[in-house]
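Summary of structural features
Single-letter residue listing:
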Amino acid sequence: MGTSLTPEFWERFALLLFAATGVAFALAALFDSLALRRQNRRAHRPPIKSVKPTRAPHRPGTGDHRPSVHV
């Protein structure tokens, strides 16, 4: 029960393939531009001001003391 592919089929196939390629290209370009716009907005946003950074606690100088290691 073999069927042959008619010229009408190939016409429709080519039209649908061309349309699908165009839609995929347009969507890819749209999403790329949206992603770049979002990335640029984040890059130009001033940093969030939060609690001021504190310095590490001061350790008194103990010289060249090294902890002893027992094997």
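Residues numbered from 1 in each chain as written. Predicted model: local features only at pLDDT ≥ 70, side-chain atom pairs only at ≥ 80, totals over all residues. Heavy atoms only, no water.

1. Some remarks on the overall build of the chain
Summing up its helical and strand segments, the chain has one helix and zero strands in all. Within the structure as shown, the chain displays about 8100 Å² of accessible surface, and the carbon and sulfur contribution to it stands at 64%. (Helix = DSSP H or I, 4+ residues; strand = E, 2+ residues; numbered from the N terminus. Areas by Shrake-Rupley, 256 points an atom, 1.4 Å probe, with all protein chains shown as cover.)

2. So, the packing of aromatic side chains
If you walk through the whole model with that rule in mind, you get three aromatic pairs. Measuring from ring centre to ring centre gives 5.1 Å for Phe9 and Trp10, while their planes differ by 75°; the resulting arrangement is edge-to-face. Trp10 gets classed as partly exposed once you look at its relative accessible area, which sits at 44%. Connected via pairs of aromatic rings, a cluster forms that spans Phe9, Trp10 and Phe13. (Phe/Tyr/Trp six-rings, centres within 6.5 Å; stacked < 30°, edge-to-face > 60°. Buried < 20%, exposed > 50% of the residue type's maximum accessible area, 1.4 Å probe, protein only.)

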